[in-house]
Amino acid sequence: MDESWALAQMTRIEVVIGGEDVPLITELLSEVGATGFTVVSNVSGLGHSGYHQGRLLFNDRNALSLITVVLPAERVRPLLDGLRSLLAHRSGVLLVSDTWVSRPEYFQ
Amino acid sequence: MDVFTQWLLGAAVLMPIVGSAIAVVGAKGSNRRRRIVTELGWMSALFAFGTAVAVALRGSFGITLGGAHGHPFLGLWADPLTVTLLVLICGVGAVVQSYGLRYLQADPKAERFFAAANVVVTAMAVVSTSITVAGLVAAWVVAGIGFVVVVGARPDLPGVRTSARRTLGMFVLGDAALVGAAVIIWLRAGNVDVVSAHALRLAAGAIGGLSGAVALLIVVAALSRSAQGPFGRWLPGTVSAPTPASALLHAGVVNGGGILLIRLGALAGDSMFAMVVAFTVAAGTAIVATALMTRRPDVKGALVFSTMGQMGFMIAECAVGAYLAALVHLVGHGMYKATLFFGSGSQVPRLGEEPIAPARVGSTLVRLLAAGATAVAAVGVMTAIPGVLEHRGGAVLLVFTAATAAAAGWAWWARRPGSVGVAAAWVASMLAAGALYGLVLGGLGDWIGPALPIAGIGTLSPWWLLTMGAGGLAIAGLLRVSSIRQRLVASLIAAGAPPAITGPQRSTPGSVDPWVGSRGGTVQTTAIWTEGVA
Amino acid sequence: MNTTDELLAARTRLLVQVDEAARLIAPLWPLSTVIAVNPLWDLRQMPFAEAVTYASRVLGICGYPSPSLFAEEYASQRITNDDLRAALGDCPVTHGGKGISDVVVLTATERHDLAHGTEIAATTDREVAKWSAAFLAGMVPTHAASGFYTAWRAIIPSDPTLRRILGKSGRGRLAELPTQPEDAILLGLDRLGVPEEDRVAELARQLARMPGWAGHAKWRSRWAAPYQPGPALHLVDYLAVRLSYEAALSVAATNGEGAMGSSAFYQHHRGLDEAPRSCEARRLEPPRLDVEAFPADVREELFALSGAEAAQVWLRAYEGHYRDRLLDSLNTEVDGLSTQTPSAQAVFCIDVRSEGLRRHLEAVGPYETFGFAGFFALPIRHQPWGSTEAVDLCPVLLRPGSRTMEKPHNADVTASRHLRGRQVEAGAHMMFDTAKKAAVSPFILAEASGFLAGPISAAKTFFPRSYAKLRSALRASLAPSVATVIETDPNDGGMSDEEQALFAETALTTMGLTRDFASLVLLCGHGSTTENNPYASALDCGACGGNRGGASARAAAWILNRTRTRELLAQRGIFIPGGTVFVAGEHDTATDTVVIYDLHLVPPSHHDGIAVLAADLERAGAALAKERARLLPGVKKGRNAVAQVAARSTDWAQVQPEWGLARNAAFIVAPRSVTAGVDLEGRCFLHSYDASVDPDGVALETILTAPMVVAHWINAQYYFSTVDPEVLSAGDKTVHNIVAGVGVVAGAGGDLKVGLPLQSLFESGRTYHEPLRLLTVVQAPQIRLDAVINRNPVLRELFDGQWVHLAARDDEHDTWKIRRSDGSWVQWRPAATYTEEVSTHG
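Residues numbered from 1 in each chain as written. Chains lettered and ligands numbered in written order. Predicted model: local features only at pLDDT ≥ 70, side-chain atom pairs only at ≥ 80, totals over all residues. Heavy atoms only, no water.

Caption draft 1: Expanded view of the overall build of chain B. A count of helices and strands for chain B gives 19 helices and two strands. C-alpha atoms of chain B, sized along the principal axes, occupy 75 × 70 × 45 Å. Partitioning the contacts of chain B with sequence separation of at least 6, the portion at a separation of at least 24 is 79%. Element-wise, carbon and sulfur atoms account for 71% of the exposed surface of chain B, whose accessible area totals about 18900 Å². (Helix = DSSP H or I, 4+ residues; strand = E, 2+ residues; numbered from the N terminus. Contact = heavy atoms within 4.5 Å. Areas by Shrake-Rupley, 256 points an atom, 1.4 Å probe, with all protein chains shown as cover.)

Caption draft 2: Region of interest: the environment of Glu355 of chain C. Residue and element names in this part refer to chain C. With respect to the helices and strands, Glu355 occurs in helix α17 (residues 352-364). For Glu355, a relative accessible area of 1% gives the class buried. For the pair Glu355 and Asp392, spaced 37 residues apart in sequence, the C-alpha separation works out to 26 Å. In contact with Glu355, not counting residues within four places along its chain, are Val678, Asp679, Leu680, Glu681, Gly682, Arg683, Cys684 and Leu686. (Buried < 20%, exposed > 50% of the residue type's maximum accessible area, 1.4 Å probe, protein only.)

Caption draft 3: Spotlight on the domain arrangement of chain C. All names here are of chain C. Splitting chain C by domain gives domain 1 (3-26 + 106-273), domain 2 (34-103 + 277-329 + 663-842), domain 3 (344-409 + 483-658) and domain 4 (414-478). Distance between the C-alpha centres of domain 3 and domain 4: 31 Å. Counting each side, the surface lost to burial between domain 3 and domain 4 is near 940 Å², with a carbon and sulfur contribution of 61%. If you look at where domain 3 meets domain 4, you find two salt bridges. (Domains from an automatic or database assignment. Buried area = accessible area lost by both parts, 1.4 Å probe. Salt bridge = Lys/Arg side-chain N within 4 Å of Asp/Glu carboxyl O.)

Caption draft 4: The interface of chain B and chain C, seen in detail. The interface of chain B with chain C comprises 116 residues on the first partner and 135 residues on the second. Of the roughly 10400 Å² buried where chain B meets chain C, counting both sides, 66% is carbon and sulfur surface. Run the count over chain B and chain C and you get three salt bridges. Between Arg350 of chain B and Asp540 of chain C there is a salt bridge, and its shortest N-O distance comes to 2.7 Å.

Caption draft 5: Local environment of the interface of chain A and chain C. Contacts between the two partners involve 30 residues from chain A and, on the opposite side, 39 residues from chain C. The contact between chain A and chain C buries some 3200 Å² in all, and 57% of this surface belongs to carbon and sulfur atoms. On the chain A side of the contact with chain C, Glu31, Phe58 and Arg61 of chain A bury the most area, a combined 25% of that side's loss. When the shortest N-O distance is used, the salt bridge between Arg90 of chain A and Asp19 of chain C registers 2.6 Å. Where chain A meets chain C, there are 13 residue pairs in polar contact (both at pLDDT 80 or more). Counting only elements with at least two residues in the side of chain A that touches chain C, the list comes to α1 (22-31), β4 (50-52) and α2 (76-87) of chain A. Looking at which element gives the most residues to the side of chain A that touches chain C, the answer is α2 of chain A, with six residues. (Polar contact = N/O pair within 3.5 Å; in protein donor to acceptor, adjacent residues only side chain to side chain.)

Caption draft 6: Focus on empty space enclosed by the protein. Residue and element names in this part refer to chain C. Taken as a whole and assessed by the stated rule, the structure comprises 15 cavities of 30 Å³ or more. A volume near 580 Å³ is recorded for the largest cavity. Along the walls of the largest cavity sit 46 residues, with Val34, Ile35, Ala36, Val37 and Gln717 positioned nearest its centre. Elements represented by at least two residues in the lining of the largest cavity include exactly α22 (536-539), α29 (707-723), α30 (725-728) and β13 (743-746). It is α29 that provides the largest number of residues to the lining of the largest cavity, a total of six residues. Tallied by class, the residues present in the lining of the largest cavity amount to 36 nonpolar, six polar and four charged. (1 Å grid on protein atoms, 1.4 Å probe; cavity = no way out; pocket = protein on both sides within 12 Å on 5 of 7 lines; lining within 4 Å. Points joined across faces, edges and corners; volume = space filled by probe spheres on them. Nonpolar A, V, L, I, M, F, W, Y, C, P; charged D, E, K, R; others polar.)

Caption draft 7: Structural view of the sheet that holds strand β19 (residues 825-827) of chain C. Residues and elements named next belong to chain C. One open sheet holds the six strands; their spatial order is β11-β10-β16-β17-β18-β19, and the pairing between them is mixed. In this open sheet, the two edge strands, each paired with only one partner strand, are β11 (684-687) and β19. This sheet shows a mean twist of 20° between the axes of neighbouring strands, independent of strand direction. Summarising the sheet, strand β10 (residues 666-669) and strand β16 (residues 775-779) pair through four bridges and their orientation is parallel. Residue pairing for β16: Ile668 is matched across the bridge by Val777. Sitting on the sheet, helix α16 (residues 307-331) touches β10, β11, β16, β17 (805-809) and β18 (817-819), and the angle it makes with β16 is about 25°. (Pairing = 2+ DSSP bridges. Axes fitted to C-alpha atoms, helices over the stretch in contact; angles between N-to-C directions.)

Caption draft 8: Region of the structure containing the packing of helix α4 (residues 110-129) of chain B against helix α5 (residues 133-151) of chain B. Residues and elements named next belong to chain B. Interaxial distance between α4 and α5 falls to 8 Å at its minimum, and their mutual angle equals 155°. The angle between α4 and α5 places the two elements in the roughly antiparallel class. Of the two possible hands of crossing, α4 and α5 adopt the one that is left-handed. Taking contact as the criterion, the partners of Phe113, Ala116, Ala117, Val119, Val120, Ala123, Met124, Val126 and Val127 in α4 are, on α5, Gly135, Leu136, Ala139, Trp140, Val142, Ala143, Gly146, Phe147, Val149 and Val150. Residues that form the contact of α4 with α5 fall into these classes: 17 nonpolar, two polar and no charged. (Parallel < 35°, antiparallel > 145°, perpendicular 65-115°, else oblique. Left-handed = near helix turned anticlockwise from the far one by under 90°.)

Caption draft 9: Region of the structure containing unusual backbone geometry. All names here are of chain C. Despite not being glycine, Asp592 has its phi angle at roughly 55°, a positive value. Here Asp592 is to be found in the loop between β8 (581-588) and β9 (593-596). Phi at Glu681 is positive, roughly 60°, even though this residue is not glycine. Mapping Glu681 onto the fold places it in the loop between α27 (672-675) and β11. Owing to a relative accessible area of 44%, Glu681 belongs among the partly exposed residues under this scheme.

Caption draft 10: Looking closely at the environment of Val521 of chain C. Residues and elements named next belong to chain C. By the element assignment, Val521 lies in strand β7 (residues 520-527). For Val521, a relative accessible area of 0% puts it in the buried group. The sequence separation of Val521 and Ala344 amounts to 177 residues, and the corresponding C-alpha distance is 5.7 Å. Among residues more than four places away in sequence, those in contact with Val521 are Gln345, Val347, Leu513, Thr580, Val581, Phe582 and Val583.

Caption draft 11: How the structure looks around the pattern of salt bridges. The final tally for this structure, using the stated rule, is 65 salt bridges over all chains. Between Arg13 of chain C and Asp81 of chain A there is a salt bridge, and its shortest N-O distance comes to 2.8 Å. With Arg13 of chain C in helix α1 (residues 3-21) and Asp81 of chain A in helix α2, this pair bridges two chains. Since its relative accessible area comes to 26%, Arg13 of chain C is described here as partly exposed. Overall, the relative accessible area of 14% leaves Asp81 of chain A in the buried class. The partner of Arg325 of chain C in a salt bridge is Glu681 of chain C, with the nearest N and O atoms 3.7 Å apart. Of the two residues, Arg325 of chain C sits in helix α16 while Glu681 of chain C sits in the loop between α27 and β11, which places them 356 residues apart along the sequence. Through salt bridges that share partners, Asp21, Glu27 and Arg90 of chain A together with Asp19, Glu20, Arg23 and Arg222 of chain C make up one connected network.

Here it is as structure tokens:
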């Protein structure tokens, strides 16, 4: 990547969590001012709490979901605080990475 | 008079108390027994109707008991006025019990309700038909006590005990006033015959200087029973009792104030002061209570405040001497409110049933014209019916009818299907509604008119009634003023709010054994159900 | 982090704490779509016993049936000594758990009230209830998109009640209320002196004081769809208002000292918790029971247990007795299925009320019935014709994916007449409502309409059936019925052909109907017609989100009849013969009548078949109505039972029109051959399942993770409403008062009622519903079943935690096995064999 690509750096946060907690996560996201996010429902995986098979046809809430949100780096810290306290007593996965986006104003 | 018709009258009045006795006999709840009691209620209603027919065909008659000839001690009188009230009371009693037969089927202690309700029906029937003051006042007190028992029939339900206590307190106050008035009348004029206009005039003369006090005491009793002004705090709590109790109350007990003022109109209407007090309190209650009704989020609470306002209207009509109007209101509103209480469980909007509304009519002018035309049509039809305008207050009623028809037209014209057929049907139905109302007014007026008291010297001009409309409009206007709106709405919500409900102990402090749970000292609702209904 | 970040971080942590605190509150759906839910659903990660103990300490509930109920059942031999022995011999009782002793049982203000005799908590309850009701009724002026807290904050300075309580000094504080609800909660907690580590417990108890309003807020925040109409009362806003009141009132009560930001207030009163916790749990000594009546071995063990442990044993004995009877009856060879080829197949919802109809239908003719969740695998958002609102017809565990629309079959004059008629009716209602509340009109309106209302009241009370007939005749003449079609259009948010085929395949495979189709297949949803019943939605189909199931059935039939669908299904191996027609119907569970829809879409060749089917359904329905009439209270013996049952559905005074799902006990996942001919007494949810067409267990997984969860919710709701009617049931229906169209309160005001009304659970004289936990019975290879359970945490939680019991067998020749909470399986043997064992071992 170089300057000519005209990309801005942001932080990407991905959370894998039970479908029931998605409304809480969206509440946290709107609290820190995230303007958008993506949810993929019915994902499967293996973790410390056992295997979660995702493909539940008639149940959105008891399967895992993956939530992806992109934020400017300055806004990440408060969100991390909240997510950490959530994952202290819920099974789930939190991934934070750097990412570059094409339209930074989209994510402000 | 004819023994058969006397027997009809007696049976209509006394059958409910027989039912009450049957309900009390025996320890365990029994469906069969309740059915019998309910059937007795039907029969009483049928007999009441029969008595009405007898009066229509053959004129007034009565049953007397004791005392010298011409001066009975107790008695029942059937004339067009009293028999209309009798049909209302017995009819309400029959429907309430039939409803209660199914509605209270799971409650093994419902016999208490049936017994007390029947006592109330008989007592109010005697209040409506009593010949003498003694009978009227005694029945009035019994009706009050009976109703307190109706409200308190289920002390295990939240809020019932408080409500029963408060109702008893208010009733005692009102009854004391009425008994006081009765004592004064007795001392000065003996056991007055309230049916005969001549006897009433004599009594008024005998009471002389104390007539003001008597009138005021009667007014206080009426205001207390009809939940007006400072005497009205007991009514909102009565929704803690099961629905049939509320229906009985709003159709048969709370209009007692109007019945009292109509029957004792000659004695109450003579004092200007008493009538002014009655009018002020009643009109004020009508305005305030109707405003409170619009800000009650619960169905039954809104109905309660609506009744308070309607009773205010009724008593104000009595205070201006428009007795026919008050009677029509008494009967009509009672049936209306009972129906709303019976059906209060259907106010749940289910999804997918609301049809797509037609487009809103843009022009306010068109709506105004439509409202005006509706008003004119309804009133026009009413004036065409003979007998409507002849009675005191008829013209004022027409003004109110015009306003009502205009409101209906305004609301309807906002969103209605734009088809000629529908518009024609609308006009026809408004004319029919006006005609029906006019027929009721005129017909009842012709028949009952002579039995109604003549407006006393203390009664105000009927045009004073318009203050209630003006007051309502004023509040509606104030609500549109944004600076006052917030305050006014907050006050309305706060004023109508119920007190804290003291229910079964649920927030027991400390650890609760999951086995035993939080069962505290108060009576548990389900515990009383374990006794069973045969 | 800078201060704004600190603030934001505090807020996000608070949101998580609020969520944690709200776990013991169950969501409360509005009355338009009543959903039965397990009140302790969000505590299911704990085992049943632990969750019940936790809830008993914070919510104050009883989690087990009462000793007197068990005494009665023991006396009537519903629980025998054998059952008790079997229960005692089973897994050891679980009790308590980690962290339970750390639970703070009282809020700060409750402690203050106890110590000083003030009424802060009760006043808060009253005021919060008042404003919540006013807000939901739309009476609090709101600005666009603001929530409950913002609206409350704007209007509260004008509230005369609060001004009076707070006095002059306190009023100034109202202006200092923060603008954000999260900040208000933080400020309130600070003022009350609650340290961060106790926050969750404090908030939990705050919510537990009024589980009804808290439940509504939780529904709105966690379960309601974003497009759900109506004022939105969110959980955070609700707590913000509560805590603002508590803080203001406690400051006023302590005259500004002691509670202002110091934890001294909190710590000072914390000691009060210790005293109640030292209460000993009572030993089980049920009244009316002669302890000597128990055999010695039972007596020794049973009465040595503590209250909660003994309760668990009794409950297991209670459940075990039913389980033994059920498995016994399933083992008995009953020649239930007729050997003829069926003249029609019928698919009913898994609802327990369908069991009776299926049994009678199979007895009346050569019919094959199946059980499948009432939404027929179609999670749709349905738009009824001519209506403004769309309805979500799927279980609440799902969000609907596609839209369906109802259209008139021929858009002709009748159609527009129908629409116009409905608009006239709605317009008349609105006009009446407006005139009732306007300035001058209520008085004359009341008296004039009273003279019509009176006779109507009398007619409705004395002749409900005739009145109902008259009313529907009038409605039909005003808005004549029109033949309509329910279809889905991919260009309009609907399902594409492939999606339709996928759903069709799912449905057919899951219930095992993939070959040998009859010429007529009836898809039968269900609904219930009752009059004047705020809980009407509770009697409708839970799988359709608390709505009637007819629309789902019609949509499914339309999809399955399409040629394109059948082509795609054929590609996947399901061949539906051209002569097979799917037809939709709806079973009215109040009257036990079945109406068959869309006859105009059925080819003439099948009309005779439908006529025969309809006649047989009528006969089966009548037989079922007679059977049910024996159990309904108030039915006169000897008179026409069917007519009496039908009259109940039109009677506005009838508080117990039908028993609904009372006495539900088991969920059976197996082919019909296992249950055919057995009288399950309308107590079982029946889901058809054929293991041979489900090699990878997807169908089994689908059934267990959705329909079984719904059945568990229903069972748990009935269970908890029965065992603790004071807190977890809606109380006596006769005093119910509808608030803002979303819930009921008892009497004048207070908390919204949660759970089911007493009339649905008890009849005068006894407890009608048997409070026991759901027993799931599965016929599938054990390996497959174990695999499905192991890959789904929700199933592990339910089965391991003993929320739901599980019995299974590989096939019809196998013996039944019971799953224990550690995942192992044991052979099932009836309780009587335990006695033999005891007597042989001495």
